[in-house]
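# Survey of secondary and tertiary structure
Listed here are the chains, written in short residue letters.
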Amino acid sequence: MKMSGGPASVNLKIFLIVFALIIAFGTLYYTNQLVAKLQEKERQIVELYAKGIEYIANTDNPDADITFLFDNIIKPIDFPLILTDKNDNINLDNKTDLRNIQIDSTLSRAEQEKFLYQLMKEMDEINPPINITYADTLVLTRIHYGDSELIKQLQFYPYLQIGIAALFILLGYIGFSYIKRSEQSNIWVGMAKETAHQFGTPISSLMGWLEMLKMNYSDPNKALDIAEEISNDVEKLNKITIRFSKIGSKPDLKPQNLFEEVTKVTDYFNRRLPQTGKTVELKISGDKNLCAMINSDLFEWVIENLIKNALDAIEDKNGLILIEILESKKYAEVEVTDNGKGIDLKRRKDVFRPGYSTKKRGWGLGLSLSKRIIEGYHSGKIFVKYSIPGEGTTFKIQLKKC
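Computed from a predicted structure; not experimentally measured. (Residues numbered from 1 in each chain as written. Predicted model: local features only at pLDDT ≥ 70, side-chain atom pairs only at ≥ 80, totals over all residues. Heavy atoms only, no water.)

This part is about the sheet that holds strand β1 (residues 81-84). Within the open sheet, the four strands sit side by side as β2-β1-β4-β3. Their pairing is antiparallel. If you trace the sheet from one side to the other, it starts and ends with β2 (98-99) and β3 (130-134), each paired once. Alignment of β3 against strand β4 (residues 138-145), held across five bridges, turns out to be antiparallel. Paired with Thr133 across the two strands is Val139, which belongs to β4. Contacts from helix α3 (residues 109-126) reach β1, β2 and β4 within the one sheet, and its direction differs from that of β1 by about 105 degrees. (Pairing = 2+ DSSP bridges. Helix = DSSP H or I, 4+ residues; strand = E, 2+ residues; numbered from the N terminus. Contact = heavy atoms within 4.5 Å. Axes fitted to C-alpha atoms, helices over the stretch in contact; angles between N-to-C directions.)

Now the structure itself:
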């Protein structure tokens, strides 16, 4: 069985990392563009504020209406702002020169001045101050301003977003890695159990034939029949070895008669059904000349798995398993129907999942291997056509016609 972790897996991981980095840098770039636009808007507001004050300082009309300036420009300002004289001196006594700045009232005057000068220096590093002039020559006031809370939040938002995403990715990676390791471990253990189970059936049969041979060694006709069955079981062991050797490699597909291939499997089971302790009738019907592109060894394995699954589903001693060979417009089809306990509607997709099993014994690999063989190696389909709890189930296989 081919396991993950090869070059394709490495390339996928590299692609995901590069894709994540592109998203991260894209988010940072887009957010920085938004911040730059907001900063430009705030600068325009400050410039408009400065021009309004210049207008007041330069106007000769004492009745000039400055209500618009206060209502539409000054009041909406929500970013820190400090007004100083031309030499950047701060007047602490004039509270209107400070906007949106919280000062600790427990600090001394000198400490408050130190705090404001430090804040003004930091704001000037972000945004150059704007001068308010008289007659376009004399500097009356300088406006120092910083970024609003919205801009500050936007500047940190992408880092917070990337950090949360990275945390989720890390947790997801750890979780999926644990699940992957657990599944791989279960699959390897399951494959070992499946191998033992596959070999166990013909070996048990061989032991039974040997006991019968000891009992009938003096009867040449019976001994010959038993020897023939022993030969069939030995051939079965050889087929099992070939099957497992082909898992993980691409098998050759050849045109084969479906009816004849299925008959090989049903004949083998019919001779051994009495050993199950159930009275089960195994029938095959349909098109005896239908041809499909298959690998005989692997296809027989699928039919065996479906028959074993049907036998396990039949809880009563009297049961019926019907295999029909059908031809549709596009496919050669095989339907396996039993009158067993059926499958619950919510569980129909789970039956092909590795490890899923409703039996106390077994590792739930029979149907998952069948799906891999049909869909992975034969480019066909296998699915539950219908199932009624308490009445039975029909599995359908669709293959390419010759």
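Spacing of three or four residues puts side chains on the same side of an α-helix, whose turn is 3.6 residues. If you check helix α7 (residues 296-313), its first and last C-alpha atoms are 26 Å apart, about what 18 residues at 1.5 Å a residue would give, namely 26 Å. With 16 of 18 residues buried, α7 is to be regarded as a mostly interior element. (Expected span 1.5 Å × (residues − 1). Buried < 20%, exposed > 50% of the residue type's maximum accessible area, 1.4 Å probe, protein only.)

For the rest of this paragraph, the subject is the pairing of strand β10 (residues 381-388). Relative to strand β11 (residues 392-400), β10 runs antiparallel, the two being bridged by seven bridges. Each bridged residue has a counterpart across the sheet, and for Ser387 the counterpart in β11 is Thr393. Between β10 and the antiparallel strand that follows it, β11, lie three residues; Gly390 among them carries a positive phi value of about 90 degrees.

Across the interface, α7 lies against helix α8 (residues 366-377) with an axial gap of 9 Å and an inter-helix angle of 145 degrees. Regarding α7 and α8, the two cross each other, and that crossing is left-handed. Contact residues: Leu298, Phe299, Trp301, Val302, Asn305, Leu306 and Asn309 in α7; Gly366, Leu367, Leu369, Ser370, Ile373, Ile374 and Tyr377 in α8. In terms of residue class, the contact of α7 with α8 is made up of ten nonpolar, four polar and no charged. (Left-handed = near helix turned anticlockwise from the far one by under 90°. Nonpolar A, V, L, I, M, F, W, Y, C, P; charged D, E, K, R; others polar.)

For the rest of this paragraph, the subject is the packing of aromatic side chains. When we look at a pair of aromatic rings, we describe it by the centre distance and by the angle of the planes. Tallied over the entire structure, the rule returns three aromatic pairs. Measuring from ring centre to ring centre gives 6.0 Å for Phe352 and Phe395, while their planes differ by 90 degrees; the resulting arrangement is edge-to-face. With a gap of 43 residues between them, Phe352 in the loop between β9 (331-338) and α8 and Phe395 in strand β11 connect regions that are remote in the sequence. (Phe/Tyr/Trp six-rings, centres within 6.5 Å; stacked < 30°, edge-to-face > 60°.)

So, about the pairing of β1. Neither face of β1 is exposed, since Leu81 and Leu83 on one face and Ile82 and Thr84 on the opposite face are all buried. Of the strand pairs in this sheet, β1 and β2 are connected by two bridges, and their pairing is antiparallel. Residue pairing across strands places Ile82 opposite Leu98, the latter belonging to β2. In this structure, β1 lies alongside β4, joined through four bridges in antiparallel fashion.

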